[in-house]
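Examining the three-dimensional arrangement
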Amino acid sequence: IGGARTALFNWLYARNVAGKFLIRIEDTDKKRSTTEATHEIFKALQWLGISWDGKPVSQKENFVRHQEVAEYLLENGLAYKCYSTQKEILNFQKEAKQKGKSSLFRSPWRDRSEPPSKDQKFVIRLRAPESGTTDVIDKIKGKPMQTGINQRTYDNPERVIHGVVKLSSVLC
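Residues numbered from 1 in each chain as written. Predicted model: local features only at pLDDT ≥ 70, side-chain atom pairs only at ≥ 80, totals over all residues. Heavy atoms only, no water.

**Focus on unusual backbone geometry**
Even without being glycine, Ala18 reaches a positive phi, approximately 55°. Within the secondary structure, Ala18 is located in the loop between helix H1 (2-16) and strand S1 (24-25). By relative accessible area, Ala18 is classed as exposed at 72%. (Helix = DSSP H or I, 4+ residues; strand = E, 2+ residues; numbered from the N terminus. Buried < 20%, exposed > 50% of the residue type's maximum accessible area, 1.4 Å probe, protein only.)

**Some details on the pattern of salt bridges**
Enumeration over the complete set of coordinates arrives at 4 salt bridges. A salt bridge links Arg15 to Asp53, with the shortest nitrogen-to-oxygen separation between them at 2.9 Å. On the criterion of sequence distance, the pair formed by Arg15 in helix H1 and Asp53 in the loop between helix H2 (35-47) and strand S2 (57-58) is long-range, its members being 38 residues apart. For Arg15, a relative accessible area of 33% translates into the label partly exposed. As a salt-bridge pair, Asp111 and Arg127 come within 3.4 Å of each other at their nearest N and O atoms. Of this pair, Asp111 sits in the loop between helix H4 (86-98) and strand S4 (123-126) while Arg127 sits in the loop between S4 and strand S5 (133-137), and the two are 16 residues apart along the sequence. You can call Asp111 exposed: its relative accessible area is 63%. (Salt bridge = Lys/Arg side-chain N within 4 Å of Asp/Glu carboxyl O.)

In structure tokens form, the structure reads like this:
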């Protein structure tokens, strides 16, 4: 339902401002991305009466550019390699909830550079500020509105790259 709602709001916004409603298929997750799943997305949008402009774009089609940007972010200290496993993150969150503490995961790899081993898999996380607030301009609700996001309570932004990707001669 969340994807349909997001698509509807974006479609309405694009039509309201004489813009284009473009579809980008997030197909970098090799386990969940299938031709059938993509077909179901198109079917659901058509059922809702939502039409799109132009050819849908595959996230994989821009892989080389994404890799370049990830390299740039790493080289300029704007991102870091996080070697925490999904199991470690889930265990941390489970323990925190049991203790009644925040389950907000802060990567121990943010300020470390040496991998635990040469072939250790990693994700690239954005190096978001650890304190202060971030203002977001919300144009959907009418007038632009600033909303302060407290960096101490906001989770690390979504990973830039995950999966099996060759990046600087290291498998991630």
